[in-house]
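Structure at a glance
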Amino acid sequence: MNARLLLKYWRTILVVAEMTIRQQLMDGFIIFTVLFQPIIIALLALWMLKGKGPEYAIFVVVGSGLTGLWSSLLFISGNSINAERWSGTLESLVALPTPFEVIVFGKNLANVIQSLSSMVLGYFVAAFLFGYDLTISQPLYFALSIFISIFAFISFGLIIAPVFVMNPGVRHWQNAMEFPVYLLCGFLFPIALLPGWTTPISYLLPPYWAAVALHGTTTPGTPPNEIFFAWGMMFVFSVIDLLIASRLFKLMLYKARADATLGME
Amino acid sequence: MRIFTNNLRLFWDGTLLSYRALFHWLRPAQYVASKVFMPLAQMFFFVFLGTFATSAANAGFYIIGNAIQITAVSGIFGVTMSVGGERETGTLPYLFGTPANRLVTFFGRAFMHVLDGMLGVVIAFGWGVILLGLDLSHTNLAALGLTIAVTTLSTCGLGLLMGCLSLITVNVMFVNNFVYFLLLIFSGANVPLADLPNWMQVVSYALPLTRGIAAARSLVAGAPLADVAPLLWAELGVGLVYGLIGYFLFSWFEFEAKRRGTLEVF
Amino acid sequence: MNAIEIKQLQRIFKTHTGVIKRTAREVRAVEDVSLEIQEGELFGLLGPNGAGKTTTVKMLATLLIPSAGSASVKGFDVVKQADEVRRRIGFIFGGERGLYWRLTGIDNLRYFASLYGIDPDVSKKRIPYLLEMVGLKGRGDEFVGGYSRGMKQRLHVARTLLHDPDVLFLDEPTIGLDPVGARDFRQVILDLQSEKKSILLTTHYMFEADALCDRIAVIDHGRIIALDTPGGLKQHVADLSVVEVETFGASEAIIGGLRALPFVDALSVEETEKHQLLLVQTKRGAEAVPDILAALDGQRLGRVIVREPTLEDAYIRLVGGAV
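Residues numbered from 1 in each chain as written. Chains lettered and ligands numbered in written order. Predicted model: local features only at pLDDT ≥ 70, side-chain atom pairs only at ≥ 80, totals over all residues.

All names here are of chain C. Under the domain assignment, chain C is made up of domain 1 (4–234) and domain 2 (236–319). The gap between the C-alpha centroids of domain 1 and domain 2 is 35 Å. Each partner contributes residues to the interface: domain 1 has 12 residues there, and domain 2 has 11 residues. Only α7 (206–212), β9 (215–220), β10 (223–228) and α8 (230–235) provide two or more residues apiece to the side of domain 1 that touches domain 2. Its residues assigned to classes, the side of domain 1 that touches domain 2 shows 9 nonpolar, no polar and 3 charged. (Domains from an automatic or database assignment. Contact = placed C-beta atoms within 7 Å. Helix = DSSP H or I, 4+ residues; strand = E, 2+ residues; numbered from the N terminus. Nonpolar A, V, L, I, M, F, W, Y, C, P; charged D, E, K, R; others polar.)

Laid out in structure tokens, this is it:
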């Protein structure tokens with residue numbers, strides 16, 4: 001793959017992301033998932049963790065933001081291909097010279113960026129409504145962690161969408177997959193509280209490593225090694241996810257063309 | 001007597017039919033996923049968050065609160081969809097065209113969800129005992145059962161009102177999710193009411209669930225039924241008020257829709 | 001080189017019915033289709049519902065994989081060289097779907113332009129040009145959700161022309177349009193032909209095919225049963241006349257009796273709310289009228305007309321009057 005092609009894809013991704021956000025600005029369900037639900041979780045957690053002291057406020061802001069990231073990845077990115085099918089646009093998107101993965105990448109980028117806004121809103125809620133003094137202990141590393149997490153979430157989303165398309169049965173479990181990941185990824189409390197046998201599952205989930213990196217860079221006293229390790233894990237998972245995704249997309253598109261399931265009739 | 005049996009049949013037929021028609025997409029696996037597994041995962045999440053926030057000794061507080069809260073899954077989502085779903089399937093004009101007793105039809109919609117919601121809460125308590133170590137040895141179980149029934153009824157009352165509102169609002173799921181998550185804050189399931197600002201406490205007591213959760217906590221701690229009876233009566237009253245407002249709204253919609261000829265709009 | 005070459009194309013669908021006792025059923029949507037469409041030709045594919053028109057188009061547009069046979073567009077195989085095909089084709093399926101209703105017309109075009117990898121500088125000029133061409137000038141900033149059906153259909157045309165494809169597939173593009181909208185749309189199709197595009201058009205409307213197409217294939221039960229110019233197809237019925245008889249509530253038995261008469265070559269019935277229109281094809285022309293009326297003795301009759309056959313009559317004869 002040459003640089004010119006990559007640049008072209010990148011431009012496509014940006015346009016796709018822009019159009020996706022424009023469309024979703026008016027969708028009530030998406031606004032709820034992206035904005036309201038994480039803020040309600042932030043409010044709850046801020047009240048619940050009041051007794052732990054003000055230093056936990058930033059922990060809640062980051063953690064509730066992560067819940068929003070996961071929910072939007074699960075529900076919005078997870079349904080992104082099916083949504084195109086329902087609107088009748090899937091056929092036009094598949095019969096294009098641009099690989100379909102590139103389009104879905106752009107859609108996932110939009111969703112992840114969109115839901116990061118809930119973290120920003122959570123910051124303001126904690127700062128102004130609750131009057132907490134919020135500081136990010138390692139701002140530069142935090143920014144880098146955000147960047148790597150975006151990439152890790154997008155890559156993870158590239159697996160979820162084709163899996164949901166190919167297995168309608170799995171989609172029924174979509175609702176049931178939201179909170180377990182909040183639990184297993186240590187978004188709002190350490191996974192040490194959970195039974196020991198769940199720890200390996202946590203390690204296999206990219207959002208867990210995103211939580212380690214983002215909590216680590218906002219909470220004082222985290223050794224840099226821990227953060228670097230989390231970055232490394234996110235990178236490794238992203239590469240694996242992308243490899244699996246490219247296989248899944250090929251399989252999905254072939255199946256769709258063989259079984260005539262691209263349209264909705 | 002004829003009228004009574006007629007209405008009884010109407011109630012049952014409406015109940016079963018509406019439940020089946022509107023939830024025909026619900027397969028067993030999906031039912032387990034969205035009605036059992038999802039609420040349990042949510043309960044676990046808040047129990048762990050609560051014990052992390054305070055101490056493991058407080059687990060009971062969160063288990064009871066969130067177990068009772070599960071009734072809102074059926075009470076809000078289920079009931080709203082079985083009233084509001086009429087709009088999406090376009091069957092409302094036909095319903096309004098029948099001579100059926102509206103009160104019976106209307107409350108019939110909620111009945112299955114009352115049973116469903118109670119079952120969900122019982123399962124949640126079961127997991128609380130088995131997996132999270134909830135101690136029910138001092139509890140008057142019959143009284144706890146009554147509390148679950150009363151709280152479910154009152155939550156379904158709110159659900160009926162939401163269902164009616166969903167007939168005029170654009171985005172049903174948005175309103176539903178919003179109310180559901182607001183209940184998580186206001187019901188006292190996770191945040192002790194005393195920690196909330198005063199104006200929020202006022203809202204809390206105007207909502208279903210709040211008193212039911214408080215009653216369940218007292219009962220689990222060993223209080224006799226007589227102690228929590230006032231709470232239960234009040235809880236029932238709150239639910240009835242919402243249900244009746246919902247019913248009158250429903251009747252008013254029908255009247256307005258027929259008067260203005262805007263039935264198709266619904 | 002031909003724009004499209006189809007050799008013994010076949011497509012089978014497997015459908016399952018029943019939840020508990022699942023039975024698989026095979027539907028042969030396209031049985032055996034071979035065709036060649038020349039560069040710059042406007043080719044019509046006609047046939048009753050379920051004849052295999054849309055399935056054929058979808059295979060050519062790389063959206064379906066053929067069960068057997070092969071097809072190529074501009075020399076590229078639609079399965080093995082799908083990407084090459086996709087760069088050179090555009091397609092429209094009739095109906096309102098397939099656009100983003102929550103975006104404006106221009107945003108829809110910008111979106112697809114970037115997906116076709118068109119340079120932003122190029123698309124900046126091309127989008128206004130296309131909007132003007134399809135008659136949406138000045139409406140591009142409105143949300144597509146507010147467009148009329150005809151406007152949506154024209155936006156589809158603009159969308160499909162973004163990358164200036166050589167070959168266009170138009171699958172029942174005028175379906176659901178009001179008469180004025182359909183007429184305007186046919187003008188757009190003629191404009192496309194004058195730009196030397198090769199076009200495969202499927203339609204239900206015979207007069208549309210007659211007015212637009214260079215050649216027409218009639219497809220039924222997944223096979224091509226006739227392939228000719230509109231004039232050539234009409235030759236099939238050149239020796240016939242058509243007697244149109246308006247009846248009110250004639251029974252199946254009466255119509256069946258008429259159909260069985262020796263001088264009746266084909267008979268089709270158009271039902272409307274108030275009356276039936278019997279279209280009787282016969283070699284005897286006006287002479288047949290007394291016999292036809294005799295067969296309908298005792299029925300309430302409206303007007304009776306004898307006329308020259310049209311393409312539609314040729315079509316009716318080909319697919320056996322089952323319209």
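Let us now look at the environment of A194 of chain B. Here A194 of chain B shows up in the loop between α8 (172–186) and α9 (198–205). Placed 187 residues apart in sequence, A194 of chain B and N7 of chain B show a C-alpha to C-alpha distance of 45 Å.

This next bit is on the interface of chain B and chain A. In this complex, chain B contributes 28 residues to the contact, which on the side of chain A involves 27 residues. Counting residues per element, the ones that place at least two in the side of chain B that touches chain A are α2 (28–53) and α8 of chain B.

Here we come to the interface of chain C and chain A. With 23 residues of chain C in contact, the opposing surface of chain A contributes 24 residues. Listed by contribution, the elements that provide at least two residues to the side of chain C that touches chain A are α2 (82–88) and α3 (105–115) of chain C. No other element matches the 5 residues that α3 of chain C contributes to the side of chain C that touches chain A. Here the residues of the side of chain C that touches chain A are counted per class, giving 12 nonpolar, 4 polar and 7 charged.

A few words now on helix α10 (residues 210–220) of chain B. Residues and elements named next belong to chain B. The element α10 is extensively covered by neighbouring structure, given that 9 of its 11 residues are classed as buried. Within α10, burial applies to T210, R211, G212, I213, A214, A215, A216, L219 and V220. At the C-terminal side of α10, G222 shows a positive phi close to 110°. (Buried ≥ 20, exposed ≤ 12 C-beta atoms within 10 Å, placed from the backbone.)

Time to look at the arrangement of the chains. By contact count, the dominant pairing among the 2 pairs of chains in contact is that of chains A and B. In this structure chain B stays clear of chain C, and the shortest span between their C-alpha atoms is 12 Å.

Below, the discussion takes up the confidence of the model for chain C. Regions with low pLDDT should not have their predicted coordinates read in detail. Residues and elements named next belong to chain C. Of all residues in chain C, 97% have pLDDT values of 70 or greater, and the mean over the chain is 86. The spread of mean pLDDT over the elements of chain C runs between helix α11 (residues 311–319), the lowest at 82, and strand β5 (residues 76–77), the highest at 94. With a pTM of 0.83, the predicted complex shows an ipTM of 0.90. (pLDDT = per-residue confidence, 0-100.)

The buried count for helix α3 (residues 59–69) of chain B comes to 9 of 11 residues, which makes it a mostly enclosed element. Turning to α3 of chain B, its buried residues number three or more, namely F61, Y62, I63, I64, G65, N66, A67, I68 and Q69 of chain B.

Quick look at the sheet that holds strand β13 (residues 276–282) of chain C now. Residues and elements named next belong to chain C. The strand order across the open sheet built from 4 strands is β12-β13-β11-β14, with neighbouring strands paired in antiparallel fashion. Single-partner strands in this sheet number two, and they are β12 (264–271) and β14 (301–307). Recorded for the sheet is a direction-independent mean angle of 15° between the axes of neighbouring strands. Pairing of β12 with β13, which is carried by 7 bridges, proceeds in the antiparallel orientation. Bridging from a neighbouring strand, L267 pairs with V280 of β13. Each of β12 and β13 is contacted by helix α9 (residues 252–259), which is oriented at about 155° to β12, the strand it contacts most. Most of the contacts of α11 go to β12, to which it runs at about 110°, and overall it touches β11 (241–247), β12 and β13. (Pairing = 2+ DSSP bridges. Axes fitted to C-alpha atoms, helices over the stretch in contact; angles between N-to-C directions.)

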